[in-house]
Amino acid sequence: MAKKKGKSVSFDAMVKFFMSSYSIPTKRDVEALMVRLDRIERLIVASGSGKARRGANEKSSDKQSVATASDLVLEIIQRYPEGVGFSEIKLQAGYGDKKLRNILFRLHKLGMIKRISRGIYAQA
């Protein structure tokens, strides 16, 4: 019985095919989304429209700064100069695991925090 000669498919081509078939985002897609999220957060803070949506007290005439989730996590980390663990940040911030991991990833990528060891973060 003779073997059929066909083109061999490279592993990279196969992976790309499955990623596109199942709509799996690539690292580049995730980074582009992170950039867009940062831009949207800055626009919300700059416009000040986030106050009314969050239910701020409309009677107060003094300007209150709108803190983003990243600002809150950064503030918690700044309270601990020697470093703070993930569980303590989660407890104080009140965010879920996924949201907190994304925030820590973004802050580390921007160079605002540093990872001392696994799960321990400090201000850069």
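Structure's up top.
Rules behind the numbers
- Each chain carries its own residue numbering, running from 1 in the written order of its sequence.
- With the structure being a predicted model, the display of local features is reserved for residues of pLDDT at least 70 and the display and counting of side-chain atom pairs for 80 or more, all residues being used for whole-chain, interface and lining totals.
- Note: side-chain values were computed over all heavy atoms of the structure, leaving out hydrogens and water.
- Salt bridges are counted wherever a side-chain nitrogen of Lys or Arg sits within 4 Å of a carboxyl oxygen of Asp or Glu.
- The way it works is that DSSP assigns letters per residue, a run of H or I at least four long becomes a helix, a run of E at least two long becomes a strand, and they are numbered from the N terminus.
- Throughout, exposure labels follow a simple rule: accessible area from a 1.4 Å probe, protein chains only, divided by the maximum for the residue type, with under 20% read as buried, over 50% as exposed, and the rest as partly exposed.

### Side note on the pattern of salt bridges
- Inspection of every chain in the model, using the stated rule, returns five salt bridges.
- Asp38 is the salt-bridge partner of Arg106, the closest N and O atoms lying 3.6 Å from each other. Placement of the pair is Arg106 in helix H6 (residues 97-109) and Asp38 in helix H2 (residues 27-47), with a sequence separation of 68 residues. Per residue, the accessibility class of Arg106 equals that of Asp38, and both read buried.
- When the shortest N-O distance is used, the salt bridge between Asp97 and Arg101 registers 3.9 Å. Highlighted residues: Asp97 and Arg101, both in helix H6, separated by four residues, approximately one helical turn.
- Residue class for Asp97 comes out partly exposed when judged on its relative accessible area of 31%.
- One network of salt bridges, with partners in common, ties together Asp38, Glu41 and Arg106.

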